[in-house]
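Observations on the model geometry
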Amino acid sequence: MTIFLIFLYYGVVLFLYLQDVIGGISFVAILLISFIILLIVRILLRKKINYKRKITLVTCIMFLLFCFEIPLIFYEGTSHVAYIYTEPLHAKGTEIYLIGVNRVDFQFMESIQSVEDLLNKQQVPFLNVAENTNLVLYESKNRQILKWLHLQKSEVDQMKENVNHYLGKEDVRINEFFNQDNIGGNSAGLGLALTGLILQGDLQNNVAIAVTGAISETGDVLPIGVLKEKILIAEKYGLPFMIIPSKNAEEAAQIQKEQNIHMKILDVAHIDEAVQLISEMNDKTK
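Report on the accompanying structure. Throughout this document, residue positions are counted from 1 along each chain, in the order its sequence is written. Selection of residues for local features in this predicted model requires a pLDDT of at least 70, selection of side-chain atom pairs for listing and counting requires 80 or more, and totals for whole chains, interfaces and linings are taken over all residues. Hydrogens and waters are ignored; side-chain quantities use all the structure's heavy atoms.

1. Notes on the nonpolar core
Counting 30 residues, the largest nonpolar core has Met159, Leu190, Leu192, Leu194, Ile243 and Ile278 as the members making the most contacts within it. Of all elements in the fold, only strand E2 (96-98), helix H6 (155-167), helix H7 (172-178), helix H8 (189-199), strand E5 (209-211), strand E9 (264-268) and helix H11 (271-285) reach the threshold of two or more residues within this core. Under the DSSP-based scheme used, a helix requires at least four consecutive residues in state H or I and a strand at least two consecutive residues in state E, with every element numbered from the N terminus. The dominant element in this core, judged by the number of residues it contributes, is H8, at six residues. By definition, residues are in contact when any of their heavy atoms lie within 4.5 Å. Apart from the residues lying within four places of it in its own chain, the contact partners of Leu192 are Leu98, Met159, Val163, Ile174, Phe177 and Phe178. Grouping buried Ala, Val, Leu, Ile, Met, Phe, Trp, Tyr and Cys residues that are joined through side-chain atoms within 4.5 Å yields what is termed a nonpolar core. Between buried and exposed lies partly exposed: a residue is buried under 20% and exposed over 50% of the maximum accessible area for its type, with that area taken using a 1.4 Å probe on protein chains only.

In structure tokens:
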């Protein structure tokens, strides 16, 4: 019962944080104060054996929760994020264009407008500016902890592993992409796998196509984020077609309508579907 109450208490405080009622520093401070109070109680009741074990247990649990959440204070100042226009990348002779977005975090900015004013002043071609929520920061913190503990691979490493597994071997030209310093996320997986097929001679393509989507090692196409910004980049660059994951199709249709996108957007659930689409598009141009 005591353990249940301590986790209930923690859950309530966490809920308040995730709902943006309290900030990260306040959240961590509450856990620290709770730990100190429990520690004092533990000292005062050290001679009462019946209570000593229970208090010791909950004190240890609270300390572990505090340690787990303390990295949040390093995320507290990240108030906004801006998505910056980046030209698509492609390998010569493939006509497959990888769509990436440059993400820039801003510290302690007052509003979205203040970030936009700063970017305009610096003449930076941004696509969108968003305010970070506590939920976003909390997810970032948890991913970082998993990486520190080596319990989760980085998205880039996982993407590289999946692409090479699907292609059946490592390709020097594909690996050059992973050697770039500004690579992040896994949304280039589908485009890289298609590029690899073309470079290996297993697929031919003469049609300019924007591609975004993560893939599994078996070729399943997985959903991606920041879709609106990627569609805007492909449209601005003048690409006539774009292939996206089927799980992002509904979102893409809404974006296409709201942003008046003229580019044709096609969705696939597996890389084989993308190969078939590309083959059909090339047959029509012959």
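Text resumes after the structure shown.
2. Quick look at the side chain of Ser34
Within the secondary structure, Ser34 is located in helix H2 (residues 24-44). Within the local environment of Ser34, its side chain forms a polar contact with the side chain of Tyr9, the two groups lying 2.6 Å apart. Not counting chain neighbours up to four residues away, the residues in contact with Ser34 comprise Tyr9 and Met62. Any pair of N or O atoms that falls within 3.5 Å is considered a polar contact. Within protein, one atom must be able to donate a hydrogen and the other to accept it, and sequence-neighbouring residues count only if both atoms are side-chain atoms.

3. Structural notes on H11
Helix length check: H11 (15 residues) gives 22 Å between terminal C-alpha atoms against 21 Å at 1.5 Å per residue, within 8%. Residues Ile271, Ala274, Val275, Ile278, Met281 and Asn282 constitute the buried set of H11. Axial view of H11: buried residues confined to an arc of 130°, hence all on one face. Along H11, the residues that are exposed and aim more than 90 degrees away from the buried face are Gln276 and Lys284. Expected span, for any helix, means 1.5 Å times one less than how many residues it has. The arc refers to the directions leading from the helix axis to the C-beta atoms.

4. Brief notes about the pattern of salt bridges
Salt bridges are defined by distance alone: a side-chain nitrogen of Lys or Arg within 4 Å of a carboxyl oxygen of Asp or Glu. For the coordinates displayed, the defined rule picks out two salt bridges. The shortest N-O distance in the salt bridge between Lys141 and Glu69 comes to 2.7 Å. With Lys141 in helix H5 (residues 134-148) and Glu69 in helix H3 (residues 49-69), the pair connects residues that are 72 residues apart, well separated along the chain. The pair formed by Lys141 and Glu69 is uniform in burial state, with each residue classed as buried.

5. Quick word on the sheet that holds strand E3 (residues 102-107)
One bridge is not enough; two strands pair if DSSP finds at least two bridges between them. Within the open sheet, the three strands sit side by side as E3-E1-E4. Their pairing is antiparallel. Strand pairing shows two members of the sheet lacking a second neighbour, E3 and strand E4 (126-131), which therefore form its edges. Across the sheet, the mean angle separating the axes of adjacent strands is 20° when strand polarity is ignored. As defined by bridge partners, strand E1 (residues 78-84) adjoins E4 across five bridges and the pair is classed as antiparallel. Paired with Ile84 across the bridge in E4 is Phe126. Note on geometry: axes are C-alpha line fits, over the in-contact stretch for helices, and angles between N-to-C directions span 0 to 180 degrees. Along the sheet face, helix H4 (residues 112-121) touches E1, E3 and E4 and points at about 150° away from the line of E4.

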